[in-house]
Amino acid sequence: MQTNADYLSIELMQAGMAYAIWARNAYVGIWLPEAQGFLISRYKMDPTPFLFVEYHWDTGEPFGTAKPLRALEICPLPLPPETAYYDEGQNAVVCAWLDALEERHPPLPGWDSVGQRRQGAVRWAQRQEENRMKRRRVTRRSSEQK
């Protein structure tokens, strides 16, 4: 990603426009000029997405992680304030719209990127639960041996 120069520069971004992006955590994002980044639907540690900002590549290291590839469409929804990005009730509609847009415009033909990101979060949660169970068994055995 660092060597590819085929992306839209920060000067070409349009407020409220959804773009196909190449980023760490999503492939579609809404341009937020005040943040110099893209509002994305992110899956992390849970199969329920939350809103997150991936910063435009032109903002530089270490935060610039998103390269916009092409404009898709203007977001028709009101965007919640930044303080509500982790509030599922306030951001579920925006996350659903972003996910649907990514499904219609996958980064590669036929790739279910949303499903893959969601499954990655589920697998992570399952591994964490398995690790908790192992620690409980070890703790229980230790206390029984005393």
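Our structure is the block above this text.
Residues numbered from 1 in each chain as written. Predicted model: local features only at pLDDT ≥ 70, side-chain atom pairs only at ≥ 80, totals over all residues. Heavy atoms only, no water.

## Some thoughts on the overall build of the protein
Counted only if it meets this: A run of H or I in DSSP becomes a helix once it reaches four residues, and a run of E becomes a strand once it reaches two; helices and strands are each numbered from the N terminus. Computation of the radius of gyration draws on C-alpha atoms, with the globule rule given as 2.2 Å multiplied by the number of residues to the power 0.38. For every residue, the accessible area obtained with a 1.4 Å probe (protein chains only) is divided by the maximum for its type, and the residue is called buried under 20%, exposed over 50%, and partly exposed between those limits. The contact definition used throughout considers only heavy atoms, calling two residues in contact when any of these lie within 4.5 Å. Residue-level accessible areas treat just the shown protein chains as cover; the underlying method is Shrake-Rupley with a 1.4 Å probe. Counted charges follow a simple rule, with Lys and Arg positive, Asp and Glu negative, and His plus the chain ends left uncounted. By convention, the charge on Lys lies at NZ, on Arg at CZ, on Asp at CG and on Glu at CD.
Each helix and strand in the protein was counted, giving two helices and five strands. Traced from its N-terminal end to its C-terminal end, the protein shows the element sequence β-β-β-β-β-α-α. Over its C-alpha trace the protein gives a radius of gyration of 19 Å, far above what one expects of a compact globule, namely 15 Å for 146 residues. Within the span of the protein, comprising 146 residues, buried residues form 36% of the whole. A sequence separation of at least 24 residues applies to 55% of the contacts in the protein between residues at least 6 apart. Accessible surface, the protein as shown: approximately 8800 Å² in total, 52% of it carbon and sulfur. In the protein, 18 side chains carry a positive charge and 18 a negative one; their mean positions are 14 Å apart.

## So, helix H1 (residues 88-104)
As a reminder, the rule being used: Between the first and last residue of a helix there are one fewer steps than residues, each counted as 1.5 Å, and that sum is the expected span. One axis fitted to the seven residues ending at a residue, another fitted to the seven starting there: the angle between these axes is the bend at that residue. Under the rule applied, a polar contact is a pair of N or O atoms within 3.5 Å (in protein, one hydrogen donor and one hydrogen acceptor; residues adjacent in sequence only if both atoms are side-chain atoms).
If you check H1, its first and last C-alpha atoms are 23 Å apart, about what 17 residues at 1.5 Å a residue would give, namely 24 Å. A bend of about 25 degrees at Val94 is the largest found in H1. Of the residues making up H1, those classed as buried are Asn91, Val94, Cys95, Trp97, Leu98, Asp99, Leu101 and Glu102. Looking at the buried side of H1, the elements it contacts are strand S1 (17-22), strand S2 (28-32), strand S3 (37-42), strand S4 (50-56), strand S5 (64-74) and helix H2 (113-145). In this structure Asp87 caps H1, since a side-chain oxygen of it lies 2.9 Å from the backbone nitrogen of Gly89.

## Structural notes on the packing of aromatic side chains
For the record, the criterion: Whether two aromatic rings pair depends on their centres lying within 6.5 Å, for rings of Phe, Tyr and Trp, where Trp uses its six-membered ring; planes under 30 degrees apart make the pair stacked, over 60 edge-to-face, and the rest tilted.
Counted under the stated rule, the structure contains six aromatic pairs. Here Tyr27 and Trp111 contribute two aromatic rings whose centre-to-centre distance is 5.2 Å and whose plane-to-plane angle is 55 degrees, an arrangement assigned as tilted. Taken together, the residues span a long stretch of sequence, with Tyr27 in the loop between S1 and S2 and Trp111 in the loop between H1 and H2 at a distance of 84 residues. With a relative accessible area of 12%, Tyr27 lands in the buried category. Geometrically, the ring pair formed by Phe50 and Phe52 is edge-to-face, given 6.4 Å between the ring centres and 90 degrees between the ring planes. Exposure remark for Phe50: the relative accessible area of 11% places this residue in the buried category. Through successive ring pairs, a cluster of aromatic residues spans Tyr19, Trp31 and Phe38.

## What to know about the layout of surface pockets
Where we set the bar: Cavities and pockets are defined on a 1 Å grid built over the protein atoms alone: a cavity is a set of grid points where a 1.4 Å probe fits but cannot escape, while a pocket is an open set with protein on both sides within 12 Å along at least five of seven lines, and lining residues are those with an atom within 4 Å of any such point. Grid points are joined across faces, edges and corners, and a volume is the space filled by probe spheres set on the points. Here the nonpolar group is Ala, Val, Leu, Ile, Met, Phe, Trp, Tyr, Cys and Pro; Asp, Glu, Lys and Arg are the charged ones; every other residue, Gly included, is treated as polar.
Of the pockets and cavities examined, the largest pocket occupies roughly 160 Å³. In terms of lining residues, the largest pocket is bounded by Arg24, Asn25, Arg42, Tyr43, Lys44, Met45, Arg117, Gly120, Ala121 and Trp124. Ranked by residues supplied to the lining of the largest pocket, first place goes to H2 with four residues. Looking at the lining of the largest pocket residue by residue, the classes come out as four nonpolar, two polar and four charged.

None of this, on its own, says anything about what the molecule does.
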